[in-house]
Every structure is written in C-alpha cells, then in structure tokens.
Amino acid sequence: MKKKMLGGTKRTSIVVLLASAVAVISFIIPLLRHHQSKLVVDRLWKPEELAIYNGTDANLPILLAILGSVFDVTKGKSHYGPGGSYSHFSGRDASRAFVSGNFTGDGLIDSLHGLSSVEVKSVVDWRDFYFRSYIYVGNLIGRYYNSQGEKTKYLKGVEAKAARGAQLLEKQKNEEAKMPSCNSKWSQQEGGEVWCDVGYPRLVQRPHEIALTGKMSRRCACYKEEELGQPGLEVYKGCDYLSKVCAV
Ligand code: HEM
Ligand SMILES: *[C@@H]1O[C@H](CO)[C@@H](O)[C@H](O)[C@H]1NC(C)=O
Ligand SMILES: *[C@@H]1O[C@H](CO)[C@@H](O)[C@H](O)[C@H]1NC(C)=O
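Residues numbered from 1 in each chain as written. Chains lettered and ligands numbered in written order. Predicted model: local features only at pLDDT ≥ 70, side-chain atom pairs only at ≥ 80, totals over all residues. Heavy atoms only, no water.

The protein has the name Cytochrome b5 heme-binding domain-containing protein in an unreviewed UniProt entry, where Aquilegia coerulea is given as its organism. Turning to the protein, the UniProt record has this under Sequence similarities (unreviewed entry): "Belongs to the cytochrome b5 family. MAPR subfamily." (UniProt positions renumbered as here; feature names shortened; annotations may be inferred.)

What follows deals with the sheet that holds strand β6 (residues 191–195). Taken in spatial order, the 3 strands make up an open sheet running β5-β6-β10, and their pairing is antiparallel. Two strands bound the open sheet, and with one partner strand each, they are β5 (183–187) and β10 (245–247). When the angles between neighbouring strand axes are averaged without regard to direction, this sheet yields 20°. When β6 meets β10, the two strands line up antiparallel, connected through 3 bridges. (Pairing = 2+ DSSP bridges. Helix = DSSP H or I, 4+ residues; strand = E, 2+ residues; numbered from the N terminus. Axes fitted to C-alpha atoms, helices over the stretch in contact; angles between N-to-C directions.)

A few words now on the site of ligand 1. Taken together, the neighbourhood of ligand 1 is formed by His-79, Tyr-80, Tyr-86, Ala-97, Phe-98, Gly-101, Phe-103, Trp-126, Phe-129, Tyr-130 and Tyr-134. Side-chain polar atom of Tyr-86 to a nitrogen atom of ligand 1: 2.8 Å apart, as the coordinates give it. Between an oxygen atom of ligand 1 and a side-chain N or O atom of Tyr-134, the distance comes to 2.6 Å. Looking at the shell around ligand 1 element by element, the count peaks at 3 residues for helix α5 (residues 117–133). Looking at the shell around ligand 1, its residues break down into 9 nonpolar, 2 polar and no charged. (Near = heavy atom within 4 Å. Polar contact = N/O pair within 3.5 Å; in protein donor to acceptor, adjacent residues only side chain to side chain. Nonpolar A, V, L, I, M, F, W, Y, C, P; charged D, E, K, R; others polar.)

This next bit is on the site of ligand 3. Surveying the vicinity of ligand 3 reveals the residues Asn-102, Thr-104, Asp-106 and Gly-107. Between an oxygen atom of ligand 3 and a side-chain N or O atom of Asn-102, the distance comes to 2.3 Å. Within the complex, 30% of the 360 Å² of free accessible area of ligand 3 lies under protein. Along the lines of polarity and charge, the residues of the shell around ligand 3 split into no nonpolar, 3 polar and 1 charged. (Areas by Shrake-Rupley, 256 points an atom, 1.4 Å probe, with all protein chains shown as cover.)

Here the focus is helix α6 (residues 153–178). The terminal C-alpha atoms of α6, which comprises 26 residues, lie 38 Å apart, in line with the 38 Å expected from a rise of 1.5 Å per residue. Every buried residue of α6 is accounted for by Leu-155, Val-158, Ala-162, Gly-165, Gln-172 and Glu-176. (Expected span 1.5 Å × (residues − 1). Buried < 20%, exposed > 50% of the residue type's maximum accessible area, 1.4 Å probe, protein only.)

With that settled, consider the packing of aromatic side chains. Enumeration according to the criterion identifies 19 aromatic pairs in this entry. Judged by centre distance (5.8 Å) and plane angle (35°), the rings of Phe-71 and Tyr-130 are tilted. One end of the pair, Phe-71, is in strand β3 (residues 69–72); the other, Tyr-130, is in helix α5, with 59 residues separating them in the sequence. On the basis of relative accessible area, Phe-71 is assigned to the buried category, the value being 0%. The exposure class assigned to Tyr-130 is buried, which follows from its relative accessible area of 1%. Relative to Phe-103, the ring of Tyr-86 has its centre 5.9 Å away and its plane inclined at 85°; by these criteria the two rings are edge-to-face. Taken together, the positions of Tyr-86 in the loop between α3 (77–80) and α4 (97–100) and Phe-103 in the loop between α4 and α5 put the pair 17 residues apart, joining distant regions of the chain. Relative accessible area serves as the criterion here: at 23%, Phe-103 is assigned to the partly exposed category. Three or more aromatic residues joined by ring pairs form one cluster here, namely Phe-71, Tyr-80, Tyr-86, Phe-89, Phe-98, Phe-103, Trp-126, Phe-129, Tyr-130, Phe-131, Tyr-134 and Tyr-136. We note Arg-143 situated over the ring of Tyr-154; from NZ or CZ to the ring centre the distance is 4.9 Å. The residue whose ring lies beneath Lys-244 is Tyr-200, and the NZ or CZ to ring-centre distance is 4.9 Å. (Phe/Tyr/Trp six-rings, centres within 6.5 Å; stacked < 30°, edge-to-face > 60°. Lys NZ or Arg CZ within 6 Å of the ring centre and 35° of its normal.)

For α5, which comprises 17 residues, the first-to-last C-alpha distance of 24 Å matches the rise-based estimate of 24 Å (1.5 Å per residue) to within 8%. If you check which residues of α5 are buried, you get Ser-117, Val-118, Glu-119, Val-120, Lys-121, Ser-122, Val-123, Val-124, Arg-127 and Tyr-130.

Here's what the structure looks like:
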C-alpha cells in the first residue's frame, strides 16, 4: 500500500518535471527567436549596409525599405528571398515600384516624382502594410530620412500628398455611393453581363486623378431615365439606350 503510494508520487513528480521542462522550453524558444530578430533593432541604415540584406546570404535576415522605413521581411522569404516574385524589393528602397510594378532598372528607385496623389497614397498604404505585417527595424538615410534620422522635407511632402489622395478617394467613394453600382456576373458560356435593379447601366469614367491608378478607371453605375442626359455616361456597346441588361 505504502509502496504503491510512493510509486504514484514518483510518477506524479516525473510528470510534473516533464511538464515544467516543456513549459520552460516553450518559454525560452520564442525568447531566442525574439532575440535573433532583435539583432537588428531600431537604428539608422546606410544604403550600402541595407544592400547586404538582400537575401543572398542565407544567414542574414532579409530587409527592405519603403519610404525610408526599414523592415525585416525574413518571414516572407518565399516572396523576398532569391527567386521570389518580390526579391527586387530586398536590400533597397524601391518605393516607386510599389505603384509602377516595374521591377527592372530605373523602376527600382525611391523617387515618387510625378506620381498622382492617389498613387502616392497607395505607397503609404504599402508602408502601413509592412508596419502591420513585419518587424520595423529603423530608418534608411537618404531621400526620406536625414543622417540624424529625421524625416526629410521630401517625406513630409509625400505624406501631405498622400493625405490629399486619401481625401480625393473619400470624396469619390461618397460620390459613387450616390449612384448604385450595376450588378454583374460572368460565366464561361455566356460571358459577362451587367444589369440594374433600378435604372439603366452606364459606363462612367472616374476622375482623371483617380483613374491614373490604373485598372479602376471606369465602373458600371445605374442611372434613372431622367438622369441619362448627364455628360460622361457611355451606353455599353451593342446595348440599347433603355436596355436593362448589357453584355460586356
Ligand atoms: C504593382 C504591381 C504589384 C506590386 C507592387 C505587388 C506587390 C506585392 C507584394 C510586396 C507582395 C508580398 C506581400 C507580403 O509580404 O505578404 C505581393 C503578394 C502577392 N501578389 Fe503582388 N504585386 C503586384 C502585382 C501583382 C499581380 C499583377 C498579381 C497577380 C497576377 C499579384 C499577385 C500576388 C499574390 C498572389 C500575392 C500573395 C502571394 C502569397 O501570399 O503567397 N501581384 N504582391
Ligand atoms: C545582393 O548583394 C550582394 C552583395 O552586395 C550581391 O553580390 C548580390 O548580387 C546581390 N543580389 C541580388 C539578387 O541583388
Ligand atoms: C521599367 O523601367 C525601365 C527604366 O526606366 C524602362 O526601360 C522599362 O521599359 C520599364 N519597363 C516597363 C515594363 O515599364
């Protein structure tokens, strides 16, 4: 009886020991990992230093900069590592390519010169994405931060322009909410089709500054009969003036 109790206690203490070991290990491992990523803390980077972290050396973290903010994107190695679709972003600040999608030659530069406010806004959105998704490790000295790590006039200008872009998009969203969008469907057999619950489908061009951002330059919206005289409304090709459904 006593022996049995003793055995039970022994077993219990082994279980407790094992459990503590597991607890300690699972506590330490994330700490180690954390430590590793903290090798590169919030600091100032020179372009030639950043270039070393382009993913070529498998022992080093992969870093990229956007608008002069530097991020550790090692956990996105499949995108940013050698051979990844977005490896050209690694080891440099190629802010412009986030809008142009041009990952070659002069496309891979940090200047946003000549871009619209909406395009500049989309680069700032990408920077937000990196703040949310990856580890921020400091600022890159150059166009966006000076050697004291302060924002340059250029970055302040970019952020102000992005704010105007955001306003423009907001205004556009409110405008578009007034005119309901068409319903649409697409199938292999029948192709595409748009129709309105109320009113008639029309193609409308978005304002120039918004259209510049690409794909989204036109949309289908529904107009009531008395509104069809407005300028800028296009009847779908092959569709009658008062058709309720149009092929696209
Ligand atoms: C201006 C053009 C483009 C830019 C700047 C861009 C940029 C990026 C970046 C930076 C990522 C990685 C996000 C992350 O870290 O998780 C990404 C992911 C992705 N992109 Fe693009 N992209 C562009 C165009 C395209 C196009 C045209 C396609 C499709 C035809 C595409 C498909 C994808 C997909 C599927 C992913 C996610 C991959 C995954 O999570 O495994 N991208 N893009
Ligand atoms: C990355 O940087 C190294 C060292 O600066 C360089 O030799 C290599 O060509 C670069 N790789 C890419 C993909 O740019
Ligand atoms: C990308 O930029 C380079 C350099 O400005 C240019 O020569 C090339 O034609 C561009 N490519 C595309 C696809 O726009």
